[in-house]
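Structural features, examined
Listed here are the chains, written in short residue letters.
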Amino acid sequence: MAKSKVKILVIDDDPKVSWILTESLAGKFDFVSAGDGIEGLQMVSTEKPDLILLDIKMPGMNGIEVLEKLNKLDGRPDVIMVSGHGETNYVVDSIKLGAAEFINKPFEVEEIEIHINGVLERSRLKKEVSQLKNELEARDNYDNFIGDSAAMQDVRSIIEQVADSELSVLIRGESGTGKEIVARLCHQLSGRKSKPFLKVNCAAIPRDLLEAELFGYEKGAFTGAHKNKQGRFELADKGTIFLDEIGDMPMELQSKLLQVLEQQEFVRVGGIQNIHVDVRIICATNKNLEVAINEHGFRDDLFYRLNEITVFLPPLRERPEDIPLLVNHFIDKYNNQYDKSFGNLSPATIEMLVNFAWPGNVRQLENMIKQVVVRGDEAVLADLIASAGSEGVAVAAVSSQPVAQTSASSGSDLQTYSLKERVGKTVASEEKRLIAEVLNKTNWNRRKAADLLEISYRSLLYKIKDYNLNATD
Ligand SMILES: Nc1ncnc2c1ncn2[C@@H]1O[C@H](COP(=O)(O)OP(=O)(O)OP(=O)(O)O)[C@@H](O)[C@H]1O
Ligand SMILES: [Mg+2]
């Protein structure tokens, strides 16, 4: 597909300006023009230009006022101010208001072309930097998603596979297992990462307000609706909406949600007009939805539609080998946050944490470590665990599957007999060997290697980091 030309909106009461530019530069840019500020502002939303050339002196609204109005828009295009002679006193105002350049009339066409290209290049670089920053942040969050247990490795690989797809993801797991982190990662690792991620907790909003919150309302729809209001679905357009505690969504709203999923359309409360949105939906619940379906509290058609992919986060007691890693991660996190330098926990304390059943899962562990770091004393843990109640004490009694005594959790070198762990390790070492072999074959051309391995480029980068591979392997 041919690259479309950059569109430039010329706002100037002197029609000669846009005429000259169109005559001389039409082969390079697309020009549209407005004769005054009001028309110009309207055209910004209808024409969506990439750049604006804005005259300062115009009858009615002058260029500075137009610029002030433009600044209220979300993500306005870059603006080059154009001024007649003797108007240099506007330079400072324009710069303060964020104009990218200031050009004097009369100008040479070549001169203006250089300025236009300069501004476009700067804006391209700015976008690139912000995209890279986004990617680094996502990478950082991904690195801070801790857990090397086989179950958590599965979770990571599902996230990598589905994040950048349009599939609806249902995240399940007990309270505090990390469902929200997973939802955010799915968004950050997707093409929607620079667009909004909005969370709605279906259990925290009273049921009669939830519909208005999600879908917005029209003025007069109910008492107190003094003006039109956009709902979360409209605000999340092009981004992701995270419906937390979806199991608590009232039945009558479930059918409206199903309609949005199927048609990407809905009407505001009290409205008649269909509103189209492009939103990806991620849901989480700690309820057993299958039971809710049997008891007619949840629609089965909605369940299947939301559940194109399930990510199951196992309770912490079923992956005790992750506990020492999480402990170190939280010590680092709170040392940084509170400017402390708390060291490591003693092996005996780690052992105690590994043997605790963590009814509140990772959140509970994080809160305890935070207190330890802030108070600078690991002895507080014994009290905290004792006061967390007897429900957490006996791991095996509450665990839904036997907890494998791994070398990581026992602190000894005893070899594990856990089939899951042994198979997991064997697969990992074979995977590492194969990736190293293909990378060497392709002279570390990562794109080629990813193609040969039939995995995404991004997964390959993660794996290179995870396996600590480098060109000498
Ligand atoms: N694997 C993990 N690595 C690092 N931190 C984690 C991990 N899992 C959870 N956490 C931390 O634990 C806390 C709880 O996580 P989160 O809010 O995602 O849980 P949740 O499953 O959504 O809980 P709830 O059902 O109660 O809403 C957060 O502070 C989160 O940062
Ligand atoms: Mg949550």
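Note that the structure is predicted; figures quoted are calculated from it, not measured.

1. Some details on the sheet that holds strand β11 (residues 280-285)
Taken in spatial order, the five strands make up an open sheet running β7-β8-β11-β6-β12, and their pairing is parallel. Of all strands in the sheet, those bounded by a partner on one side alone are β7 (197-201) and β12 (309-313). Across the sheet, the mean angle separating the axes of adjacent strands is 20 degrees when strand polarity is ignored. Sheet topology note: the strand β6 (residues 169-173)/β11 ladder contains four bridges and is parallel. Residue V169 lies in a different strand from β11, and its bridge partner there is I282.

2. Brief notes about the site of ligand 1
Contacts to ligand 1 come from 17 residues, most closely from I146, S175, G176, K179 and E366. Here an oxygen atom of ligand 1 and a backbone polar atom of G176 are 2.8 Å apart. Separating an oxygen atom of ligand 1 from a side-chain N or O atom of K179 is a distance of 2.7 Å. Within the complex, 86% of the 630 Å² of free accessible area of ligand 1 lies under protein. Elements supplying a minimum of two residues to the shell around ligand 1: α7 (179-188), α13 (323-338) and α15 (361-375). Here the shell around ligand 1 is composed, by residue class, of seven nonpolar, five polar and five charged.

3. Considerations on helix α14 (residues 347-355)
Along α14, the residues that are buried comprise T349, I350, L353 and V354. Each buried residue of α14 lies within a common arc of 140 degrees when the element is viewed along its axis, so the set occupies one face.

4. Thoughts on the confidence of the model for the protein
Looking at the protein as a whole, its pLDDT mean stands at 87, while 90% of the residues score no less than 70. The weakest mean pLDDT in the protein belongs to helix α18 (residues 407-410) at 30; the strongest belongs to strand β8 (residues 240-244) at 97.

5. Some words on the sheet that holds strand β5 (residues 101-104)
Spatially, β2-β1-β3-β4-β5 is the arrangement adopted by the five strands of the open sheet, whose pairing is parallel. Each edge of the open sheet carries a strand with a single partner, namely β2 (29-34) and β5. Geometrically, the sheet is characterised by an average inter-axis angle of 25 degrees between neighbouring strands, direction not taken into account. One ladder, built from four bridges, connects strand β4 (residues 78-83) with β5; its direction is parallel.

6. Brief notes about the pairing of strand β3 (residues 51-55)
Most of β3 is tucked away, with five of its five residues classed as buried. Burial of β3 is two-sided: the residues L51, L53 and D55 facing one way and the residues I52 and L54 facing the other way are all buried. In this structure, strand β1 (residues 6-11) lies alongside β3, joined through four bridges in parallel fashion. In the sheet register, I8 faces β3, and the bridge partner there is L51. As paired elements, β3 and β4 share five bridges and run parallel to each other. Residue pairing across strands places L54 opposite M81, the latter belonging to β4. With helix α3 (residues 63-70) bridging β3 and its parallel neighbour β4, the resulting β-α-β unit is right-handed.

7. Description of the environment of V32
Turning to its location among the elements, V32 is positioned in strand β2. Along the sequence, V32 and M43 sit 11 residues apart, while their C-alpha atoms lie 8.7 Å from each other. In contact with V32, not counting residues within four places along its chain, are K7, I8, L9, V10, M43 and E47.

8. A closer look at the domain arrangement of the protein
Assigned domains of the protein: these are domain 1 (6-126), domain 2 (144-314), domain 3 (317-402) and domain 4 (419-466). Once you take the C-alpha centre of each, domain 1 and domain 4 turn out to be 50 Å apart.

9. Structural notes on the packing of aromatic side chains
By convention here, two paired aromatic rings are described through the distance between centres and the angle between planes. A full pass over the atoms with the stated rule returns nine aromatic pairs. Ring geometry for F29 and F31: centres 6.2 Å apart, planes at 80 degrees, overall edge-to-face. Given a relative accessible area of 5%, F29 falls into the buried group. Arranged with centres 6.2 Å apart and planes meeting at 55 degrees, the rings of F233 and F266 form a pair that is tilted. Placement of the pair is F233 in helix α9 (residues 232-235) and F266 in strand β9 (residues 265-267), with a sequence separation of 33 residues. Using a relative accessible area of 0% as the deciding quantity, one classes F233 as buried. Residue F266 is classed as buried on the basis of its relative accessible area of 1%. For R156, the ring lying beneath its charged end belongs to Y142, and the centroid distance is 5.1 Å. The ring of Y457 has R447 lying over it, and the distance from NZ or CZ to the ring centre is 3.7 Å.

10. Considerations on the pairing of β12
Residues I309, V311 and L313 of β12 are buried on one face, while the alternating residues T310 and F312, pointing to the opposite face, are not. Relative to β12, β6 runs parallel, the two sharing five bridges. Residue pairing in the sheet places V169 in a bridge with I309 of β12.

11. What to know about the packing of α13 against α14
Running from N to C, α13 and α14 cross one another at 115 degrees; their axes reach a closest spacing of 9 Å. Note that α13 runs across α14; the crossing there is right-handed. From α13, I323, P324 and V327 reach across to α14, where they touch I350, L353 and V354. Looking at side-chain class alone, the contact of α13 with α14 contains six nonpolar, no polar and no charged residues.

12. Some points on the side chain of K256
For K256, the position within the fold is in helix α10 (residues 251-263). A polar contact is formed between the side chain of K256 and the side chain of E211, at a distance of 2.9 Å. Excluding its chain neighbours within four sequence positions, the residues that come into contact with K256 are E211, F215, F266, V267 and R268.

Conventions used here
- Residues numbered from 1 in each chain as written.
- Chains lettered and ligands numbered in written order.
- Predicted model: local features only at pLDDT ≥ 70, side-chain atom pairs only at ≥ 80, totals over all residues.
- Heavy atoms only, no water.
- Pairing = 2+ DSSP bridges.
- Helix = DSSP H or I, 4+ residues; strand = E, 2+ residues; numbered from the N terminus.
- Axes fitted to C-alpha atoms, helices over the stretch in contact; angles between N-to-C directions.
- Near = heavy atom within 4 Å.
- Polar contact = N/O pair within 3.5 Å; in protein donor to acceptor, adjacent residues only side chain to side chain.
- Areas by Shrake-Rupley, 256 points an atom, 1.4 Å probe, with all protein chains shown as cover.
- Nonpolar A, V, L, I, M, F, W, Y, C, P; charged D, E, K, R; others polar.
- Buried < 20%, exposed > 50% of the residue type's maximum accessible area, 1.4 Å probe, protein only.
- Arc of directions from axis to C-beta.
- pLDDT = per-residue confidence, 0-100.
- Right-handed = clockwise from strand over helix to strand, strands pointing away.
- Contact = heavy atoms within 4.5 Å.
- Domains from an automatic or database assignment.
- Phe/Tyr/Trp six-rings, centres within 6.5 Å; stacked < 30°, edge-to-face > 60°.
- Lys NZ or Arg CZ within 6 Å of the ring centre and 35° of its normal.
- Left-handed = near helix turned anticlockwise from the far one by under 90°.

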